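Tertiary structure, described
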Amino acid sequence: MTQVPVQTIHRDPQLFYWILFPITIVMVLTGILRHYATVLMATAPKKLDQKTTREQRSLAHGISVRGNFHTLSKRSFNARRDVLITAYESGSYLKDPENQGQPPPNPMSDPSSMEGMMGMMKNQMAMIIPNTLIMSWINAFFSGYVIMKLPFPLTIKFKSMLQAGVATKDMDPRWMSSISWYFLCIFGLQSVFNFLLGSDNAANQMAQQMGPMAPQTAQMFGPGVDPNKQFLAEAENLAVIDHYSVLDDVEQRLLEGIRI
Amino acid sequence: MPSERELQISPIVQESLMHNARTLQNLQSLTASLFGVSAGILGLESYSGFLFYIVFSLITSALFYAARVAPTSISSGKAPLDTSRYFVGAVEFWTGGLMSGLAGFILTWTLFYGLVSA
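Residues numbered from 1 in each chain as written. Chains lettered and ligands numbered in written order. Predicted model: local features only at pLDDT ≥ 70, side-chain atom pairs only at ≥ 80, totals over all residues. Heavy atoms only, no water.

So, the overall build of chain A
- In terms of regular secondary structure, chain A is built from eleven helices and two strands.
- Starting at the N terminus and walking to the C terminus, you meet the elements of chain A as α-α-α-α-β-α-β-α-α-α-α-α-α.
- Going through the 260 residues of chain A one by one, you find that 33% of them count as buried.
- If you take every contact in chain A between residues at least 6 apart in sequence, the share linking residues at least 24 apart comes to 72%. (Helix = DSSP H or I, 4+ residues; strand = E, 2+ residues; numbered from the N terminus. Buried < 20%, exposed > 50% of the residue type's maximum accessible area, 1.4 Å probe, protein only. Contact = heavy atoms within 4.5 Å.)

Pasting the structure below:
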């Protein structure tokens, strides 16, 4: 086996000051800016009128009774269940009881749902616009420079990704151009933002894509869902619960826990 | 795994679990970047660099266990090296930081390797 001599490329140290540090600093500052832009653009949740709030809260009440029935005594659970089931089935909690049987309105025509979509659009824009700008900035100013060597070997497949704009055939894929430093920054700066902005920051787009897209409540009371059907389903769920209490046999457990 | 009945008798609070996990993850991502700095300055390459990272993140987890988890966990009757008082999964506690910190490690490793060996 022949030893392949290690490729060395002599680079001007000024490359670090004029390419590496500007890209890094711009990436960090963009992340911070994106975080504060997201914080500032976040709209306060819209105030709901009394009827809508009652509809949503009463459904949530039913769900939490179903989830925590074991902390209630048998009598109080039965009282709650009976009240809730009667109210659900008669539809007295509904926002507008008269259009009970009608199909739900088209979600696109509802102005409140458009607001949610606008918020999502804004978030997407806050990610896309800076990325496009920085990409084109790096391509315009710094394309074609080889700035660094990765400390670990890579296969030849990475060559087109790491050495974009450097069309040299025999160069080791470990050498990387400025655009690949940009990609490394995208993936690796999350820990820096954690340190600078706290752990629930909105600076990194990668974390946002992996996180939950929408809060649960929006799904539950979202447009296009018939509240009457939800109520009927919840009434059925409540009716089939086989009640027991955590305080059943509590004397036995207490006596077992006592050691003399 | 405790049964549903036991969970209802002594419930587990999700918020506290998440807070614990997040504290651990913050520590690990921060230390991962610092390990990258030291690996770059030492001039480690390929396998030795990754080995350095794995060994030192495991040491970080062990120190975290010794400093923050062990005192109350052992005195409450858990076996040594049992993290179930504060964390759900043992595997997650010991190796969870490896994946999440890797990107930060590679970033700072590359940066300082490039700066030192240029």
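Back to the write-up after that little detour.
Details of the UniProt feature "transmembrane region" (unreviewed entry) in chain B
All names here are of chain B.
- Here the UniProt-annotated "transmembrane region" (unreviewed entry) positions come out as residues 50-70 and 91-116.
- Counting secondary structure, residues 50-70 comes out at 100% helix and 0% strand; the distance between its end C-alpha atoms is 28 Å.
- The distance separating the terminal C-alpha atoms of residues 91-116 is 36 Å; by composition the span is 100% helix and 0% strand. (UniProt positions renumbered as here; feature names shortened; annotations may be inferred.)

Here's the deal with the nonpolar core
- Residues A:Met27, A:Trp181 and B:Phe105 are the most contacted members of the largest nonpolar core, which totals 37 residues.
- Of all the secondary-structure elements, those providing two or more residues to this core are α1 (14-41), α4 (111-142), β1 (146-149), α6 (178-188) and α7 (190-197) of chain A together with α2 (14-42), α3 (46-75) and α4 (90-117) of chain B.
- By residue number, the principal contributor to this core is α1(A), which donates seven residues.
- Excluding residues within four positions of it along the chain, A:Trp181 makes contact with A:Leu20, A:Ile23, A:Thr24, A:Ile147, A:Met148, A:Met176, B:Leu107, B:Thr110 and B:Leu111.
- Judged by nonpolar contacts, the second largest core, of 13 residues, contains A:Tyr88, A:Phe231, A:Leu238 and A:Ile241. (Core = buried A, V, L, I, M, F, W, Y, C linked by side-chain atoms within 4.5 Å.)

Comments concerning the interface of chain A and chain B
- Contacts between the two partners involve 28 residues from chain A, matched on the other side by 23 residues from chain B.
- For the pair chain A and chain B, the summed buried area comes to about 2,200 Å², and 69% of that belongs to carbon and sulfur atoms.
- Inspection of the chain A/chain B interface yields zero salt bridges.
- In this structure, the connection of chain A to chain B is made through one residue pair in polar contact (both at pLDDT 80 or more).
- For the side of chain A that touches chain B, the secondary structure elements donating two or more residues are α1, β1, α6 and α7 of chain A.
- Ranked by residue count, the leading element in the side of chain A that touches chain B is α6(A), at five residues. (Buried area = accessible area lost by both parts, 1.4 Å probe. Salt bridge = Lys/Arg side-chain N within 4 Å of Asp/Glu carboxyl O. Polar contact = N/O pair within 3.5 Å; in protein donor to acceptor, adjacent residues only side chain to side chain.)

Remarks on the confidence of the model for chain A
- Per-residue pLDDT for chain A has a mean of 76; in total, 78% of the residues score no lower than 70.
- Least confident of the elements in chain A is helix α9 (residues 216-220) of chain A, whose mean pLDDT is 48; most confident is helix α3 (residues 74-90) of chain A, at 86. (pLDDT = per-residue confidence, 0-100.)

Describing the packing of aromatic side chains
- What the rule picks out here adds up to 15 aromatic pairs over all chains.
- Ring centres of A:Phe152 and B:Trp109 lie 5.5 Å apart, and the angle between their planes is 35°; on these two criteria the pair is classed as tilted. Taken as a pair, A:Phe152 in the loop between β1 and α5 (159-162) and B:Trp109 in helix α4 lie in two separate chains rather than in one. The same class applies to A:Phe152 as to B:Trp109, namely buried.
- Here a set of aromatic residues connected by ring pairs shows up, and it is made of A:Phe152, B:Phe50, B:Tyr53, B:Phe105 and B:Trp109. (Phe/Tyr/Trp six-rings, centres within 6.5 Å; stacked < 30°, edge-to-face > 60°.)

Some thoughts on the pattern of salt bridges
- Counted by the stated rule, this structure contains two salt bridges over all chains.
- Salt-bridge contacts for A:Asp82 lead to A:Arg81; the nearest nitrogen and oxygen are separated by 4.0 Å.

Observations concerning unusual backbone geometry
Residues and elements named next belong to chain B.
- Phi is positive for Ser46, close to 35°, though the residue is something other than glycine.
- With respect to the helices and strands, the residue Ser46 is situated in helix α3.
- Look at Ser46 and you get partly exposed, because its relative accessible area is 23%.

Comments concerning the packing of α3(A) against helix α10 (residues 227-239) of chain A
Residues and elements named next belong to chain A.
- In contact at an axis separation of 9 Å, α3 and α10 are set at 155° when each is read in the N-to-C sense. The angle between α3 and α10 places the two elements in the roughly antiparallel class. Taken as a pair, α3 and α10 cross one another with a handedness that is left-handed. Of α10, the residues touching α3 (which contributes Arg81, Leu84, Ile85, Tyr88 and Glu89) are Phe231, Leu232, Glu234, Ala235, Leu238 and Ala239.
- For the contact of α3 with α10, the class distribution of residues is eight nonpolar, no polar and three charged. (Axes fitted to C-alpha atoms, helices over the stretch in contact; angles between N-to-C directions. Parallel < 35°, antiparallel > 145°, perpendicular 65-115°, else oblique. Left-handed = near helix turned anticlockwise from the far one by under 90°. Nonpolar A, V, L, I, M, F, W, Y, C, P; charged D, E, K, R; others polar.)

Focus: the packing of α1(A) against α4(B)
- Relative orientation of the contacting elements α1(A) and α4(B) amounts to 175°, with a least axis distance of 12 Å. Classed by the angle they form, the pair α1(A) and α4(B) counts as roughly antiparallel. Contact with α1(A), carried on its side by A:Phe16, A:Leu20 and A:Phe21, involves B:Leu111, B:Gly114 and B:Leu115 of α4(B) and no other residues of that element.
- Split into classes, the residues belonging to the contact of α1(A) with α4(B) amount to five nonpolar, one polar and no charged.

A few points about the environment of A:Leu59
- For A:Leu59, the location among the structural elements is in helix α2 (residues 50-67).
- Each C-alpha atom, one on A:Leu59 and one on A:Glu234, is 7.7 Å from the other, the two residues being 175 residues apart in sequence.

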